[in-house]
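Fold and geometry: a report
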Amino acid sequence: MKQKCCGANGHLSGDYLNSLVERVCATYQDARGINHIEGMNLPRQQEILHIIDMLQEVVFPGFDRLQNYSLESLSYSIGNLLNELYCELFDQIARSFRYQNTNRNCRHCNIEEATVDAVQGLMDAIPAIRETMKLDVEAAYAGDPAAVTTDEIVVSYPAIRTITIQRFANLLYQKRVPLIPRMMTEYSHSRTGIDIHPGARLGRGVFIDHGTGVVIGETAVIGNNVRIYQGVTLGALSFPKDACGVLVKGTKRHPTIEDDVTIYAGATVLGDITVGCGSVIGGNVWLTESLPPGTKISMAKPEQTVKFAREQP
């Protein structure tokens, strides 16, 4: 007989609630990866989102109006922002390293040393990333006839913010910070529809136009002044397995795109191949072999049948 769940006051009955709690908690007893009961060491999602906001503020001060800036007080304002950023980064990155140590039983790892190295590496890179983002914005302005001003690009083009976040996530990825780099890029992915793995290496002056549906894999390498349109995939052709049938991780399995390449909408480029500098890949092309520099590749024109309304069947 099915147990009645609600009492007269609209709340769960005591017997039903006790039974439900017992059944739900029973699903927490295995180690199949969707619960983290002892979760105090995990980085916190809300704090990571705040860190992302602060990173974008320091790269594009004044655009999001988190605070007002003037030339007279700029040093003071940026100093406060950097200090807050350092403190929050330190806390969240330390949490991620503590999680990793506990999860892998790696008690000998020096959490504080690893955290300082990662945080300082990111902070030191801020000036260089600022300069690189200037080139990315200029590339967007030069490559899009619809762009009216560079300000419009910063405030409205999803790819600019996605690339900014990915550049910082890549720094933490290179420092082997657990969890946080992927949290950063997946947040950006959810907001823009542009999926760039934190492990991907991006050159300067990268322009992703429109951007929706773009996927760039972990080991992809993108050179300078590369232009990518919506729906492009830079993915893996196959996933090698070891003798036990387990996927081999850490191998180069995504494309290398050299300087000055253009990849048009819907193109799929797969595997550890190289697209030579100055090449053009047409829309909807499926590419699994390397191209020498200066190559142009396109799909054959599809046959179309046009039937006008006044024509007889």
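Residues numbered from 1 in each chain as written. Predicted model: local features only at pLDDT ≥ 70, side-chain atom pairs only at ≥ 80, totals over all residues. Heavy atoms only, no water.

**Points about unusual backbone geometry**
The backbone of arginine 176 shows a phi angle near 60°, a positive value even though the residue is not glycine. Position of arginine 176 among the secondary structure elements: in the loop between helix H6 (158–174) and helix H7 (180–192). In this structure, histidine 210 takes a positive phi of about 65° despite not being glycine. Tracing the backbone shows histidine 210 in the loop between strand E3 (207–208) and strand E4 (215–216). (Helix = DSSP H or I, 4+ residues; strand = E, 2+ residues; numbered from the N terminus.)

**Digging into the sheet that holds strand E2 (residues 201–202)**
If you trace the four strands from one edge of the open sheet to the other, you get E2-E5-E8-E11, paired in parallel fashion. If you trace the sheet from one side to the other, it starts and ends with E2 and strand E11 (274–275), each paired once. With two bridges connecting them, strand E8 (residues 256–257) and E11 associate as parallel partners. Residue pairing in the sheet places threonine 256 in a bridge with threonine 274 of E11. (Pairing = 2+ DSSP bridges.)

**Thoughts on the packing of aromatic side chains**
Tallying each qualifying case throughout the model produces three aromatic pairs. Centre to centre, the rings of tyrosine 229 and tyrosine 264 are 5.1 Å apart; their planes meet at 15°, and the pair counts as stacked. Residue tyrosine 229 is found in the loop between strand E6 (227–228) and strand E7 (233–235), and its partner tyrosine 264 is found in the loop between strand E9 (262–263) and strand E10 (268–270); the two are separated by 35 residues along the sequence. Tyrosine 264 sits in the partly exposed class, given a relative accessible area of 35%. (Phe/Tyr/Trp six-rings, centres within 6.5 Å; stacked < 30°, edge-to-face > 60°. Buried < 20%, exposed > 50% of the residue type's maximum accessible area, 1.4 Å probe, protein only.)

**Points about the layout of surface pockets**
Counted as a void, the second largest pocket has a volume near 320 Å³. Together, 16 residues line the second largest pocket, and Gln56, Arg161, Ile165, Tyr187 and Arg191 are the ones closest to its centre. Secondary-structure elements contributing two or more residues to the lining of the second largest pocket are helix H2 (45–59), helix H5 (150–156), H6 and H7. Per-element tally for the lining of the second largest pocket: the top contributor is H7, with four residues. When its residues are assigned to classes, the lining of the second largest pocket shows eight nonpolar, four polar and four charged. (1 Å grid on protein atoms, 1.4 Å probe; cavity = no way out; pocket = protein on both sides within 12 Å on 5 of 7 lines; lining within 4 Å. Points joined across faces, edges and corners; volume = space filled by probe spheres on them. Nonpolar A, V, L, I, M, F, W, Y, C, P; charged D, E, K, R; others polar.)

**A look at the pattern of salt bridges**
Side-chain pairs of opposite charge can arise where the charged atoms are in close proximity. Taken as a whole and assessed by the stated rule, the structure comprises eight salt bridges. With its nearest N and O atoms 3.9 Å apart, the salt bridge here joins arginine 44 to glutamate 47. The exposure class of glutamate 47 is partly exposed, given its relative accessible area of 26%. We note a salt bridge from aspartate 91 to arginine 95, for which the minimum N-O separation is 3.5 Å. (Salt bridge = Lys/Arg side-chain N within 4 Å of Asp/Glu carboxyl O.)

**Considerations on the sheet that holds E10**
Spatially, five strands are ordered E1-E4-E7-E10-E13 in an open sheet, and the strand pairing comes out parallel. Each edge of the open sheet carries a strand with a single partner, namely strand E1 (195–196) and strand E13 (286–287). Pairing analysis gives two bridges linking E10 to E13, with the strands arranged parallel. Paired with threonine 268 across the bridge in E13 is tryptophan 286.

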